[in-house]
Amino acid sequence: MPPNVKYLDVAFQREVEKKTHVSFPQLKYPSLRDEGLRDPIQWLMGKAMDDGAEGLWRVHNGLYDLEEFIQRHPGGAEWLELTKGTDITEAFECHHIGPLAEKMLKNYYVRDAKTARNSPFTFKEDGFYRTLKRTVRDEIEKLPTNLSNHTDMIMDGLLVTCLVASALSCWATNYWLVMGSYIVASVSLGWAVIAAHNYLHRRTNWRMYIFNLSLWSYRDFRVSHALSHHLYPNTLMDLEVSALEPLVYWNPMRNKPLWAYFAIVIEQLLFPFMFILSFCKRMSLIFLRKDFFEKHIRWHDGVGLLLPLWMYLASGANLHTVMVNWIWIVCSASFIFYTTGSNAAHHHPQIFKDGDEVSDVTPDWGMHELEAVMDRHEVNSSCFRVLVMFGHHALHHLFPTLDHAVLEHLYPVFLEHCEKFKANFRYMSQFELFIGQIKQSVKTKPTLLSEKKRAF
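Residues numbered from 1 in each chain as written. Predicted model: local features only at pLDDT ≥ 70, side-chain atom pairs only at ≥ 80, totals over all residues. Heavy atoms only, no water.

In the nomenclature of an unreviewed UniProt entry, the chain corresponds to Cytochrome b5-related protein from the organism Danaus plexippus plexippus. UniProt's Sequence similarities (unreviewed entry) comment on the chain is quoted here verbatim: "Belongs to the cytochrome b5 family." One UniProt comment on the chain, placed under Function (unreviewed entry), says "May play a role in muscle cell metabolism." (UniProt positions renumbered as here; feature names shortened; annotations may be inferred.)

Q: Quick question: what am I supposed to make of the pattern of salt bridges here?
A: Opposite charge on two side chains permits pairing when their charged atoms draw close. Per the stated rule, a full pass over the model turns up 25 salt bridges. A salt bridge links Arg-130 to Glu-93, with the nearest nitrogen and oxygen atoms 2.5 Å apart. With a gap of 37 residues between them, Arg-130 in helix H6 (residues 128-142) and Glu-93 in helix H4 (residues 89-95) connect regions that are remote in the sequence. Overall, Glu-93 belongs to the buried group, its relative accessible area being 2%. Between Lys-133 and Glu-93 there is a salt bridge whose closest N-O contact spans 3.1 Å. In this pair, Lys-133 is assigned in helix H6 and Glu-93 in helix H4, connecting sequence segments 40 residues apart. Summarising the burial analysis for this pair, Lys-133 and Glu-93 share the class buried. One salt-bridge network, in which partners are shared between bridges, spans Glu-93, Glu-102, Glu-125, Arg-130, Lys-133 and Arg-134. (Salt bridge = Lys/Arg side-chain N within 4 Å of Asp/Glu carboxyl O. Helix = DSSP H or I, 4+ residues; strand = E, 2+ residues; numbered from the N terminus. Buried < 20%, exposed > 50% of the residue type's maximum accessible area, 1.4 Å probe, protein only.)

Q: Hey, could you run me through the layout of surface pockets in this one?
A: Rolling a probe over the atoms, with the probe sized like a water molecule, indicates the empty space that remains. Computed from the structure, the largest pocket encloses a volume of approximately 990 Å³. As for the largest pocket, its lining consists of 31 residues, of which Pro-74, His-95, His-96, Ile-97 and Arg-203 are closest to the centre. Elements with a contribution of two residues or more to the lining of the largest pocket: helix H3 (77-83), H4, helix H5 (100-105) and H6. The biggest single contributor to the lining of the largest pocket is H5, with four residues. A class-by-class count of the residues in the lining of the largest pocket yields 18 nonpolar, eight polar and five charged. Computed from the structure, the second largest pocket encloses a volume of approximately 840 Å³. Trp-216, Ala-243, Leu-244, Met-274 and Tyr-338 are, among the 40 residues lining the second largest pocket, the residues nearest its centre. Sorting the residues of the lining of the second largest pocket by element identifies helix H9 (218-229), helix H10 (239-242), helix H12 (274-288) and helix H15 (319-342) as the ones contributing at least two each. In the lining of the second largest pocket, the residues fall into 22 nonpolar, eleven polar and seven charged. (1 Å grid on protein atoms, 1.4 Å probe; cavity = no way out; pocket = protein on both sides within 12 Å on 5 of 7 lines; lining within 4 Å. Points joined across faces, edges and corners; volume = space filled by probe spheres on them. Nonpolar A, V, L, I, M, F, W, Y, C, P; charged D, E, K, R; others polar.)

So this is what it looks like as structure tokens:
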């Protein structure tokens, strides 16, 4: 038996018996990962148990007290409120491209942490990510300041289209006009929620609230997506992978239950109801967790109810018609969002998943990001498609706070650094990713290094 196969067999056995990371065996298995409702707040609680931040904010091996800085944080107080008591190293590194934040952080230093970081990722000064970040910093200075106007216009156009079409679906009496309006409203809402993801990574802004028209909470999505998935993609710390377990398993796992082999069918049945289920789950936590209402419920949790109110007032239709049409629109938009997301970039046998063999158990964070993502030529060729189909995916993972319109101008220096550091940036067609997602959901054996395809 080849040594690497033997290693993975032992690693899988260790996972079963001791619950440790397979690809990164030096790490603790995430606390609370397999318990409760697998909600974002529970994920934060489990992370705080593992990070050794001692109730403060941890960056690398230092502990910092940012309590007095919360309300002055340029990105908005919410980022620091959510992450108190956790290790924010990855978020700090990729959310702050300029050097100012690092200089200011020194003013809030308390002491060194007592434990090693429970993360495999490194940020060496001469490594891929920090070297690329310095170059990107210089490139941004050369770009026009109004590039984001284009994405803003697309976002606003989707919102207006959704509002007009949803009201028209209730007002119209002609069957074909009703159906046409319903389809347009559903697609525009689904796309608007995806496009709002361009804004919720950044500092507080009004467009991020458009996400909540889905009934989902952008605050929850900031945790599950920006703080979990983006920072630890396809690892056991990725909530977007674990949240669908035990119905869908995207990580390779021996002895998958029988239903796991019908994941593509389960997805079609589940995805239309995910927006509503997310809302219900969040509301149920008010009764299940002490102080949840006071600490985590915000005024914008009610934004999703503004859409049916608008449909009722604008169309003059009866309440029953409005509610039926609204539920259909939300469920259809939910299907569009989740189908697009699940087939966008991360699920394919050639993409890293926890369990796969790695060449380095302490990789550069940027190098890992590229191992866990694929890009698509047909999506990246259009700013509109980029915004509504999670385009420029690799660059967005590396620099999530940059507008998508800015990312397309960074490819020359990005590709140059990928070649220099042999980073595994790859393209794949949307159809290949769709087929790959199905294969990944039934995959039981980890991928060996010898089986991986590399771009450089």
